[in-house]
Amino acid sequence: DAGITQSPRHKVTETGTPVTLRCHQTENHRYMYWYRQDPGHGLRLIHYSYGVKDTDKGEVSDGYSVSRSKTEDFLLTLESATSSQTSVYFCAISDRRGEKLFFGSGTQLSVL
Amino acid sequence: AQRVTQPEKLLSVFKGAPVELKCNYSYSGSPELFWYVQYSRQRLQLLLRHISRESIKGFTADLNKGETSFHLKKPFAQEEDSAMYYCALLPGNQGGKLIFGQGTELSVKP
């Protein structure tokens, strides 16, 4: 497995609270991604990064923000969590413009 | 808009039977297409990509631009093929945005 870790692995939080998920890589890959996985919707891209401080929105970016201040870390923040953001969140990395993504183990987030 | 559609949520077959997981895409440019697989308790991983024209674990997929399809096929399914399969599209003009379909769960029964 590529050196990619997500933290926390599980989190339960309340509606309206801020939440930050962390993705850390040791592969020095340029591209990093955040996806959410929901039944019936598959994997949907939230945000991705193509370099330090270079990010772009995906198809479901509303309610989420990201930051990438160094190559190895990509943070996903839910400014004010809602129940609709209950999901499994996956981070992925790639060294060649999305040609082969390596995925983390996922974070199960429950917003009550 | 770019889109990937996998019409089957669940596909159930018996061991030894042929398997075809359907994938259709919507993209006006020249696409790069992939199949990813997620086995139980494992990470999502790349299975194959159309540009490599390879066969992995007996699976093949052919890009049909006329039908905008990239179906995944295997002539004889095995129980260990049971997993969640995702088709993905990499548009050529949007950096590294990889767009996934809804996924198809393949269940191979003994």
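Source: prediction; values computed, not measured.

Here is what the cut-offs are and how they apply
- Residues numbered from 1 in each chain as written.
- Chains lettered and ligands numbered in written order.
- Predicted model: local features only at pLDDT ≥ 70, side-chain atom pairs only at ≥ 80, totals over all residues.
- Heavy atoms only, no water.
- Pairing = 2+ DSSP bridges.
- Helix = DSSP H or I, 4+ residues; strand = E, 2+ residues; numbered from the N terminus.
- Axes fitted to C-alpha atoms, helices over the stretch in contact; angles between N-to-C directions.
- Polar contact = N/O pair within 3.5 Å; in protein donor to acceptor, adjacent residues only side chain to side chain.
- Contact = heavy atoms within 4.5 Å.
- Salt bridge = Lys/Arg side-chain N within 4 Å of Asp/Glu carboxyl O.
- Nonpolar A, V, L, I, M, F, W, Y, C, P; charged D, E, K, R; others polar.

A. Fine view of the sheet that holds strand β7 (residues 64-70) of chain A. All names here are of chain A. The strand order across the open sheet formed by four strands is β1-β3-β8-β7, and the pairing between neighbours is antiparallel. Two strands bound the open sheet, and with one partner strand each, they are β1 (4-7) and β7. Pairwise comparison of adjacent strand axes, ignoring direction, gives a mean angle of 15 degrees for this sheet. The pairing of β1 with strand β3 (residues 19-25) spans four bridges and is antiparallel.

B. Layout of the side chain of Lys 74 of chain B. Residues and elements named next belong to chain B. As for its position among the elements, Lys 74 is in strand β8 (residues 69-74). Engagement of the side chain of Lys 74 in a polar contact is seen with the backbone oxygen of Lys 57, the distance being 2.9 Å. Contacts of Lys 74, omitting those with residues within four sequence positions, involve Ala 17, Pro 18, Val 19, Lys 57, Gly 58, Phe 59 and Asp 81.

C. How the structure looks around the interface of chain B and chain A. Listed by partner, the interface residues are 21 residues for chain B and 24 residues for chain A. Inspection of the region where chain B meets chain A yields one salt bridge. We note a salt bridge from Asp 56 of chain A to Lys 97 of chain B, for which the minimum N-O separation is 3.9 Å. On the surface where chain B and chain A come into contact, there are eight residue pairs in polar contact (both at pLDDT 80 or more). Broken down by secondary-structure element, the contributors of at least two residues to the side of chain B that touches chain A are β5 (32-38), β6 (45-49) and β9 (83-90) of chain B. Considering each element in turn, the side of chain B that touches chain A owes the most residues, four residues, to β5 of chain B. A per-class count over the side of chain B that touches chain A returns nine nonpolar, seven polar and five charged.

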